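One letter stands for each residue in the lines below.
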Amino acid sequence: MVAVGLFATFVLLLAIRVPITAAIGVAVAGALIASGFAGNLWIIPMKVLEAAGNSSLLAIPFFVLAGNLMNAVGMTERIFNFANALVGHFRAGLAQVNVLASVMLAGGTGAAVADIAGLGAVEIKAMRERGYKPAFAAAITTVSAIVAPFIPPSVPLVVYSFLANVSVARMFLAGIVPAFLIAGALMVFNRFLATRQDFPREPRASLGEIWRHALTGAAALIAPAIIMAGILTGTTTASEAGVLACAYILLLGFLFGTLTWGTLIKATTETMLITSMIMIIIGFANSMGWLLAIEQVPQTLAATIPDLVDSAFFFLLVTILGMLIIGCFIDGVTIKLLLVPILLPLVDSYGIDRVHFGIVVQMSIILGIATPPLGIGLYIVSRIAAVPVEEVVRSVIPYFIPLTAVLVLLAGFPQISLWLPDLLMGPR
Amino acid sequence: ETWRMAHKMPADSVEGRVFQAFADRIAEKTDGAITVQVYPNEQLGKDDAILEQLQMGTVHIYPEGSSYLQKWVPEMQFVSAPFLFDDREHWARFMASDLVKDWHERIETEAGITVIGDPTAMVRGPYRVMVVKKPVASLEDIQGLKLRLHPDELAAAAWRHLGAEVRTLAWTEVYESLGRGIVEAVNSPIALVEPMRFYEVAPHVVRHDEYPQGLAFMANAAAWNALDEETRAQVLEAYDEVAAESAAETLNAANESIERMKKEGVTFLQLDTAPVVERMQQLYEQMRENGELPEGFLETVAETRQIDG
Amino acid sequence: MIAKALDAGLGLCERVFLVAANGLLLLMLAINLANILSRLLFDLGIIWVFPWTEVLFVWMIFLGFFVIYRRGQDISLDILVRQFGPRVRAMLRILVGCIVIGLLLLILYQAPILVPRQVGRIDLVGIQRYWLSVPFFISCALIVLQFVLDIIVSTRTLATEARPVEEM
Ligand code: NA
Ligand code: NA
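Residues numbered from 1 in each chain as written. Chains lettered and ligands numbered in written order. Predicted model: local features only at pLDDT ≥ 70, side-chain atom pairs only at ≥ 80, totals over all residues. Heavy atoms only, no water.

Chain C goes by TRAP transporter small permease protein in an unreviewed UniProt entry, where it is assigned to Chelativorans intermedius. In its Sequence similarities (unreviewed entry) section, the UniProt record describing chain C reads: "Belongs to the TRAP transporter small permease family." Under the UniProt heading Subunit (unreviewed entry), the note attached to chain C is "The complex comprises the extracytoplasmic solute receptor protein and the two transmembrane proteins." (UniProt positions renumbered as here; feature names shortened; annotations may be inferred.)

Put into structure tokens, the structure is as follows:
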């Protein structure tokens, strides 16, 4: 089948050191030709442009810039000195801070890649300086970003709500318990890793030290608060929240005199390059989605499901597996547009709540940012941590134990997703 | 021969069902000479990407609002001029005028895209409403109202002229922006209010009939013209039948949807449009003086109004 | 000689693109901040900010595309290639160069087909749609030249055989 050829080409090209964007492009071009679309290769540049013009991804550059600016003006140190004073004496203290920071930022964006590239720049720098292995810092940064779409605001959940014709408010509420479940699972696993491996550990800070770091960190700690306040008060939309944060950080850098023309340009250059890379990868992968759609691949696959499984739980497992596999090649929104509408009739016939299904789907899809070969999170984090992708992959793999466990729990126990919306909005 | 029809609605929405019905009816009428494969949910791409594919021939039919054709002939934006047409019949007569026919011919020459059937026959909506956080019943209520619009110069000029505070946002951000008050209102065909869930954060739905909406079945002209006359006639027959059924179906679906939303506490209002139409007349006159309207546009609107009915 | 001139020319393009792309990012930031502040202080939104942000975003991405390749900052896996000696590596590098050039030429070949169809004035911005994709095709062309340069350099490595490409 074309998909197998595509996969083999992609991996082979990567192995001989073809750059990732070109490897996707060549594999897709090959697949188009093999499927009889040799005369329609304009699909590739057209889809790259379409992805670049996708306004739901406009949040990315601003959040990434905010992260890079925080590093540039030295706010990172202030925040993490404070965090370190609080939790540094625990094993895996900063790894836990990494997870908690993502939970907080999830209230500011629904884009996991913005979390990785923006917050990640801050987290990885801090963790390296405290003696954590860069590959480990990169791994926990990638997997912690998975909570981003589960706490509102969340464009991914809005898109699902429209596709599945369910209440957005209900969908938002349904994501909250799973978000904390994911964060909790990651933190427990961090603790477990810390006891097995020798993680850096610092002496317990005195109350005086904590207070001192809180004071110097106060100005820096306001940045996340500004993002939240901007959104909650209706001052900014979710994608503009990053703008406000950037402006505040620039102002601080200017007041403290820590901002120089050189550091500013370094931050914007880094932001521009990483955003460009993210969007070009998404763009090339976008043409893959077109090929799958026009060939009706998802429909064909979905048609075989009812013959294979007879229980709701197994149907969900098959869905998860399918999404994880497809998620290795194409990006999340495309998967959702392709698969959700096709699966909904089956979802209804198995008696699965569409909101519950949405959470399971979202979790399966978002895991795709961390799964090779096309886990976009892996490539971003490899760039900002300056660690080879394969090392990041090696460090990410253990985290699939807690993440898979959460995914199976979410599939098997609808109450985890539905309890909060049922409680606050009444059961459906 | 298999044709591809792309659209952006969910397959089980009112429009999605109408499109599928048209596809099925074509296969039936042409006795399988043409089968139409439907691709819902923007699976093959968004507006511009689909229109370009329509030109290149990987997509054969794309049902959407006529104003999308302004890509090639900018005058087409005026087929959805706000608060200008008296009613759907007036608009239908305008759309059948020589002026609009001429625009369509230019589109076919320039872009190789033709419109199958009468675009006013296939109903969208069936009418336009505003979903808003506070009740709006008169022109005064529009003053200073923070209204979300898609980037569209004519609509922006119109609503600003009516006194609204126009803001442009990506549609994916509309729900939350309504919730947080960055915008207070959004315009939509009634059919999309329930699926988009805007009413959850803005519980008033105001019918204002901003402009009548239809669906133009844009087709690749080369593919269409390559069909023999008989087949084309069969397709048009299928179109007319489905269009005739769609009007009632769309209205039914809207009424059912309204009943469901009422149970959720949504209120329904009617905007007093007479003063709105009057105020808009000034803008259109002004635009004509500035040479911003197509030659003969207002005249054609007036002529098609005066036809006895 | 040709390689040197090519390198200098591409270096100049890199600087221009870098400055332009950074400028676009800062401009995006500035106009969006202006929009937020205008709404906050005057209760007045600036309607062209959103459509212009979309345009600037696309341009920034496409200008950055060339800079990424010029700086060799696109992600690639060298886990396998690291095992080989300089000679095999230079040969692989030439092969990779040819593959990337092939892809980009294929894409560039589509430009005259695609660009005339990417028409339509972008509302509230006022430019034709094809101006969005022009920087993409220019970047593609420059990346082709960059890989041509790379191939020339790698060929020399093969000729001299001794030193790895990185030291040239
Ligand atoms: Na994190
Ligand atoms: Na979020």
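Back to the write-up after that little detour.
> Provide a residue-level description of the interface of chain A and chain B, including the pertinent values.
With 42 residues of chain A at the contact, the number on the chain B side is 33 residues. Carbon and sulfur atoms make up 59% of the area that chain A and chain B hide from each other, which totals about 3100 Å². If you look at where chain A meets chain B, you find zero salt bridges. Taken together, chain A and chain B are joined by 12 residue pairs in polar contact (both at pLDDT 80 or more). If you tally residues by element for the side of chain A that touches chain B, the top one is helix H9 (residues 155-164) of chain A, at five residues. A breakdown of the residues in the side of chain A that touches chain B according to their chemical character gives 24 nonpolar, 14 polar and four charged. (Contact = heavy atoms within 4.5 Å. Buried area = accessible area lost by both parts, 1.4 Å probe. Salt bridge = Lys/Arg side-chain N within 4 Å of Asp/Glu carboxyl O. Polar contact = N/O pair within 3.5 Å; in protein donor to acceptor, adjacent residues only side chain to side chain. Helix = DSSP H or I, 4+ residues; strand = E, 2+ residues; numbered from the N terminus. Nonpolar A, V, L, I, M, F, W, Y, C, P; charged D, E, K, R; others polar.)

> Break down helix H6 (residues 93-106) of chain A for me, citing the residues and quoting the values.
Residue and element names in this part refer to chain A. Relative to the 20 Å expected for 14 residues at 1.5 Å per residue, H6 spans 20 Å between its end C-alpha atoms, a close match to the ideal helical length. For H6, the tally of buried residues reaches 12 of 14 residues, placing the bulk of the element in the interior. Taken together, the buried positions of H6 are Gly93, Leu94, Ala95, Gln96, Val97, Asn98, Val99, Ala101, Ser102, Val103, Leu105 and Ala106. Buried residues in H6 make contact with helix H4 (59-72), helix H5 (75-87), helix H7 (112-129), helix H8 (134-144), helix H10 (168-196) and helix H11 (207-232). (Expected span 1.5 Å × (residues − 1). Buried < 20%, exposed > 50% of the residue type's maximum accessible area, 1.4 Å probe, protein only.)

> Give a description of the sheet that holds strand S8 (residues 185-189) of chain B that names residues and reports values.
Residue and element names in this part refer to chain B. Strand order in the open sheet formed by six strands is S7-S6-S8-S5-S9-S11, and the pairing between neighbours is mixed. Each having just a single partner strand, strand S7 (165-168) and strand S11 (267-270) make up the two edges of the open sheet. If you compare each strand with its neighbour and ignore which way they point, the axes differ by 30° on average. Bridging between strand S6 (residues 146-149) and S7 involves four bridges; their strand directions are parallel. (Pairing = 2+ DSSP bridges. Axes fitted to C-alpha atoms, helices over the stretch in contact; angles between N-to-C directions.)

> Describe the state of the cysteines, and please don't skip the residues or the numbers.
Residue and element names in this part refer to chain C. According to the stated counting rule, one finds zero disulfides over all chains in the structure shown. Among the cysteines around Cys140, which has no disulfide bond, Cys13 carries the closest sulfur, lying 14 Å off. Residue Cys140 is classed as buried on the basis of its relative accessible area, which comes to 0%. (Disulfide = S-S within 2.5 Å.)

> So, the nonpolar core: which residues are in play, and what are the values?
Membership of the largest hydrophobic core comes to 326 residues, with the highest contact counts inside it found for A:Phe315, A:Phe357, A:Met363, B:Phe94, B:Trp159 and B:Phe297. Of all the elements, helix H13 (residues 261-294) of chain A adds the most residues to this core, at 19 residues. If we ignore the near neighbours within four places in the chain, the residues touching A:Phe315 are A:Ile305, A:Val309, A:Leu343, A:Leu346, A:Val347, A:Tyr350, A:Ile352 and A:Phe357. By size, the runner-up hydrophobic cluster in this structure holds 24 residues, among which are B:Met5, B:Ile26, B:Leu215 and B:Leu227. (Core = buried A, V, L, I, M, F, W, Y, C linked by side-chain atoms within 4.5 Å.)

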